[in-house]
Amino acid sequence: MIVALLYLALAGAYLLAVPVVVMVYLKQRWYVASSIERTVMYFMVFLFLPGLLLLSPFVNLRPRRRQIEV
């Protein structure tokens, strides 16, 4: 039973918890990252791609609408 719970916890971390952290990090640092940091970002996306694909329908990364004053 303990082994099954351990597998469930690891699967949840791999498919849900870590990809959420990666998405938040990517959103905050995408336009200001150095080349080494960008390489690490690409590696994290490659490593956690299944979880990012599961979460992608629920994420909106489009820029906010501009408010033009008249």
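Residues numbered from 1 in each chain as written. Predicted model: local features only at pLDDT ≥ 70, side-chain atom pairs only at ≥ 80, totals over all residues. Heavy atoms only, no water.

Draft legend 1. The arrangement of the packing of helix H1 (residues 2-29) against helix H2 (residues 35-47) in detail. Closest axis-to-axis distance for the H1/H2 pair is 10 Å, and the angle between their directions is 150 degrees. By the criterion of interaxial angle, the relationship of H1 to H2 is roughly antiparallel. Crossing handedness for the pair H1 and H2: left-handed. Residue-level inspection shows Tyr14, Val22, Tyr25, Leu26 and Arg29 of H1 in contact with H2, the latter providing Glu37, Met41, Met44, Val45 and Leu47. Split into classes, the residues belonging to the contact of H1 with H2 amount to eight nonpolar, no polar and two charged. (Axes fitted to C-alpha atoms, helices over the stretch in contact; angles between N-to-C directions. Helix = DSSP H or I, 4+ residues; strand = E, 2+ residues; numbered from the N terminus. Parallel < 35°, antiparallel > 145°, perpendicular 65-115°, else oblique. Left-handed = near helix turned anticlockwise from the far one by under 90°. Contact = heavy atoms within 4.5 Å. Nonpolar A, V, L, I, M, F, W, Y, C, P; charged D, E, K, R; others polar.)

Draft legend 2. Quick look at a nonpolar patch on the surface. Taken together, the side chains of Trp30, Tyr31, Val32 and Tyr42 define a hydrophobic patch exposed on the protein surface, amounting to about 510 Å² of accessible area. Turning to its location among the elements, Tyr42 is positioned in helix H2. (Patch = residues over 30% accessible without salt bridge, like charges linked within 9 Å, V, L, I, M, F, W, Y side chains within 5 Å. Areas by Shrake-Rupley, 256 points an atom, 1.4 Å probe, with all protein chains shown as cover. Salt bridge = Lys/Arg side-chain N within 4 Å of Asp/Glu carboxyl O.)

Draft legend 3. Main features of the layout of surface pockets. In this structure, the largest pocket occupies an estimated 410 Å³ of space. Lining the largest pocket are 13 residues, with Met23, Leu26, Lys27, Trp30 and Leu61 sitting closest to its centre. Per element, the largest residue contribution to the lining of the largest pocket is three residues, and it comes from H1. Considering only residue class, the lining of the largest pocket consists of nine nonpolar, one polar and three charged. (1 Å grid on protein atoms, 1.4 Å probe; cavity = no way out; pocket = protein on both sides within 12 Å on 5 of 7 lines; lining within 4 Å. Points joined across faces, edges and corners; volume = space filled by probe spheres on them.)

Draft legend 4. Expanded view of the UniProt feature "transmembrane region" (unreviewed entry) in the protein chain. The UniProt entry lists residues 41-61 under the feature "transmembrane region" (unreviewed entry), expressed in the numbering used here. Between the first and last C-alpha atoms of residues 41-61 the distance is 16 Å; the span itself is 67% helix and 0% strand. (UniProt positions renumbered as here; feature names shortened; annotations may be inferred.)

Draft legend 5. Summary view of the nonpolar core. One finds Val22, Leu26, Ala33, Met41 and Phe48 forming the largest nonpolar core, which totals five residues. When neighbours within four sequence positions are excluded, Phe48 is seen to be in contact with Tyr14, Val18, Pro19 and Val22. (Core = buried A, V, L, I, M, F, W, Y, C linked by side-chain atoms within 4.5 Å. Buried < 20%, exposed > 50% of the residue type's maximum accessible area, 1.4 Å probe, protein only.)

Draft legend 6. Region of the structure containing the packing of aromatic side chains. Throughout the structure, instances matching the rule amount to two aromatic pairs. A centroid spacing of 5.7 Å and a plane angle of 45 degrees characterise the contact between Tyr14 and Phe48, whose relative ring orientation is tilted. Here Tyr14 is found in helix H1, whereas its partner Phe48 is found in the loop between H2 and helix H3 (49-55), with 34 residues between them in sequence. According to the relative accessible area criterion, Tyr14 is partly exposed, its value standing at 33%. A relative accessible area of 10% means that Phe48 is categorised as buried. Between Arg38 and the ring centre of Trp30, over which it is positioned, the NZ or CZ distance is 4.8 Å. (Phe/Tyr/Trp six-rings, centres within 6.5 Å; stacked < 30°, edge-to-face > 60°. Lys NZ or Arg CZ within 6 Å of the ring centre and 35° of its normal.)

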